[in-house]
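Close look at the chain arrangement
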Amino acid sequence: MTELTRANGASPDGAALDAAILAADHRLVFHSWSAQAHLPQMVIAGGQGARLWNNAGQTWIDFSSQLVNANIGYQHPRVVEAIKRQAETLATIAPAVANQARADAAQAILRHTPPGLTKIFFTNAGADAVENAIRLARLHTGRDKIISFYRSYHGNTGAAISATGDWRRIGNEHAVGHRHVFGPYLYRSEYWATSPSEESERALRFLERTVQAEGPASIAAILIETVPGTAGILVPPPGYLEGVRRIADRHGLVLILDEVMAGFGRTGAWFARDHWDVTPDLMTFAKGVNSGYVPAGGVAISEQIAAGFEDRVFPGGLTYSGHPLAMAAIVAAIGAMEDEGVVENAARIGAEVLGPGLAEIAAANRLGGEARGLGVFWALELVQDKTSRQPLDDQAMDQIKRLCLERGLMPSIVANRVHVVPPCVITADEARAGLAVLKSVLDQVAAG
Ligand SMILES: Cc1ncc(COP(=O)(O)O)c(C=O)c1O
């Protein structure tokens with residue numbers, strides 16, 4: 001790479017370089033969740049804050065945070081420096097030994113987890129966090145079944161993908177003991193509800209009836225994304241999560257909150273559960289814990305569940321559990337988020353820019369369905385018309401994606417929705433500029 005490329009992301013032969021990188025990637029790399037002959041034509045060479053660029057000098061405001069993980073933005077100097085320093089000190093060490101970076105990372109996370117969660121089991125990412133949370137719940141209760149939700153994603157490993165509700169589960173259900181229910185989603189209610197309170201009440205009733213019918217004595221846990229993310233950023237209606245907690249308590253079930261996507265500032269709070277004050281027994285995290293600078297995830301474990309393994313062996317582990325580079329990145333990322341008010345910024349951007357801006361687009365554009373979200377965690381649902389609420393088709397969604405990219409906005413498109421999920425560090429000006437692109441694109445698509 002040339003000095004010019006490093007300096008500003010552009011070089012005279014940048015477009016040729018991008019073409020060569022793309023060709024090599026598509027020839028040699030097997031990509032996730034994709035037909036290999038139909039991959040995106042996208043090269044990213046660098047980034048800073050909430051902006052990304054390629055070698056040809058095209059830049060984008062990032063409304064995706066990649067896979068909703070770059071909460072602290074790109075190339076945060078404190079996190080980059082911490083990784084470098086840790087690499088110079090000790091770049092790898094087995095999970096069984098004590099190491100300062102690991103204890104510091106656990107402490108930094110536990111500064112923000114709800115009271116009652118007292119220990120951290122570190123994993124490599126979100127899927128294995130969910131996998132091990134399920135294992136802990138089964139070992140703790142001596143029961144098998146896991147109740148989770150059709151509108152969910154929990155990761156691409158055995159139990160996590162079986163617990164997942166969306167299309168990625170189908171054909172991958174080789175783990176046993178998983179049952180699914182529909183959670184609340186008033187805009188497309190499964191319960192003929194006409195108000196948030198009706199939706200909440202009826203979804204809770206159906207959940208409890210499922211628990212009763214499955215037999216509480218056979219159920220280890222209810223596993224739920226605090227705010228289902230990939231499924232559409234479905235902010236739960238008032239009373240719902242508290243009701244789930246009560247059902248778990250009534251039947252002696254473990255409550256696992258999956259905060260892999262919703263945690264670490266995404267909703268304008270450290271964890272999404274803070275909005276409702278619901279305390280889980282196990283809470284999974286990954287992504288925003290260190291913004292993916294080095295892969296990491298984990299499970300925050302209640303004192304009671306952890307106590308069960310004082311003398312009993314926990315039958316689970318990973319070679320890289322608590323990897324020192326990931327741990328150093330966690331300590332630095334959480335420290336920077338605390339010192340720089342990153343979570344508060346996410347709350348402010350949501351309340352002052354994204355929330356009102358997306359509501360305006362949803363109301364004014366004939367394709368606008370519903371805008372919903374919290375912090376920097378928003379979905380704009382697009383429909384063929386406002387009455388039928390028929391989802392906008394794939395062709396139109398592809399056009400929206402292409403036009404956004406051409407106009408300098410990196411969107412996150414999921415089914416018939418634009419997920420507006422920028423880094424938590426995005427400025428108000430960047431967020432407004434991104435919304436202006438989105439509005440212009442949707443106006444053009446709506447005009448046909
Ligand atoms: C809620 C939730 N849980 C688990 C996962 C899996 O995380 P990973 O891809 O890091 O394994 C994801 C990923 O998007 C997620 O959104």
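Residues numbered from 1 in each chain as written. Predicted model: local features only at pLDDT ≥ 70, side-chain atom pairs only at ≥ 80, totals over all residues.

1. Points about the overall build of the protein chain
Tallying secondary structure elements over the protein chain gives 14 helices and 15 strands in all. Here the C-alpha radius of gyration of the protein chain, 22 Å, is about what a compact globule of 448 residues would show, namely 22 Å. Summarising its shape, the C-alpha atoms of the protein chain cover approximately 65 × 60 × 40 Å along the three principal directions. Among the 448 residues that make up the protein chain, the fraction classed as buried is 51%. Pairs at least 24 apart in sequence give 74% of the contacts found in the protein chain among residues at least 6 apart. (Helix = DSSP H or I, 4+ residues; strand = E, 2+ residues; numbered from the N terminus. Rg over C-alpha atoms; globule rule 2.2 N^0.38 Å. Buried ≥ 20, exposed ≤ 12 C-beta atoms within 10 Å, placed from the backbone. Contact = placed C-beta atoms within 7 Å.)

2. With respect to the packing of helix H4 (residues 77–89) against helix H11 (residues 324–340)
Where H4 contacts H11, the two axes come as close as 8 Å, and the packing angle between them is 150°. Compared by their axis directions, H4 and H11 come out roughly antiparallel. The interaxial crossing formed by H4 with H11 has right-handed handedness. In this structure, H4 uses Arg-78, Val-79, Ala-82, Ile-83, Arg-85, Gln-86 and Ala-87 to contact H11, whose residues at the interface are Pro-324, Leu-325, Ala-328, Ala-329, Val-331, Ala-332, Ala-333, Gly-335 and Ala-336. Looking at the contact of H4 with H11 residue by residue, the class counts come to twelve nonpolar, two polar and two charged. (Axes fitted to C-alpha atoms, helices over the stretch in contact; angles between N-to-C directions. Parallel < 35°, antiparallel > 145°, perpendicular 65-115°, else oblique. Left-handed = near helix turned anticlockwise from the far one by under 90°. Nonpolar A, V, L, I, M, F, W, Y, C, P; charged D, E, K, R; others polar.)

3. Side note on helix H6 (residues 126–141)
Under the 1.5 Å per step criterion, the end-to-end length of H6 is 23 Å for 16 residues, consistent within 8% with the ideal 22 Å. Among the 16 residues that make up H6, 13 are buried, leaving the element largely enclosed by the rest of the structure. Positive backbone phi, approximately 70°, marks Gly-142, located one or two places after H6. (Expected span 1.5 Å × (residues − 1).)

4. As for the domain arrangement of the protein chain
Looking at the assigned domains, one finds that the protein chain contains domain 1 (3–75 + 342–447) and domain 2 (77–340). Centre-to-centre separation of domain 1 and domain 2, based on C-alpha positions: 26 Å. Taken together, the 28 residues of domain 1 in the interface contact 28 residues of domain 2. Grouping the constituent residues of the side of domain 1 that touches domain 2 by class yields 15 nonpolar, nine polar and four charged. (Domains from an automatic or database assignment.)

5. Re the site of the ligand
Taken together, 16 residues lie around the ligand, and Ala-125, Gly-126, Ala-127, Gly-155 and Val-260 are the ones closest in. The element contributing the most residues to the shell around the ligand is H6, with three residues. The residue inventory of the shell around the ligand, partitioned by class, reads eight nonpolar, six polar and two charged. (Near = placed C-beta within 6 Å.)

6. Regarding the environment of Lys-439
Among the secondary structure elements, Lys-439 is positioned in helix H14 (residues 428–447). Owing to 16 C-beta atoms within 10 Å, Lys-439 belongs among the partly exposed residues under this scheme.

7. A closer look at the nonpolar core
Grouped together as the largest cluster of nonpolar side chains are 134 residues, with contacts concentrated most on Ala-221, Leu-282, Ala-329, Ile-330, Val-331 and Leu-380. Counting only domains with at least three residues in this core, you end up with domain 1 (3–75 + 342–447) and domain 2 (77–340). Ignoring any residue separated from it by four or fewer positions in sequence, one finds Leu-282 in contact with Ala-133, Leu-136, Ala-137, Val-254, Ile-256, Val-299, Ile-301, Ser-302 and Ile-305. (Core = buried A, V, L, I, M, F, W, Y, C linked by C-beta atoms within 7 Å.)

8. Remarks on the packing of helix H5 (residues 100–110) against H11
Two quantities define a packed helix pair, namely the angle between the helix axes and the distance between the axes. Close contact between H5 and H11 brings their axes to 8 Å; oriented N to C, the two are set at 35°. For the element pair H5 and H11, the recorded crossing hand is left-handed. Residues Ala-101, Arg-102, Asp-104, Ala-105, Ala-108 and Ile-109 of H5 form the contact with H11, whose own contacting residues are Pro-324, Met-327, Ala-328, Ile-330, Val-331, Ile-334 and Gly-335. For the contact of H5 with H11, the class distribution of residues is ten nonpolar, one polar and two charged.

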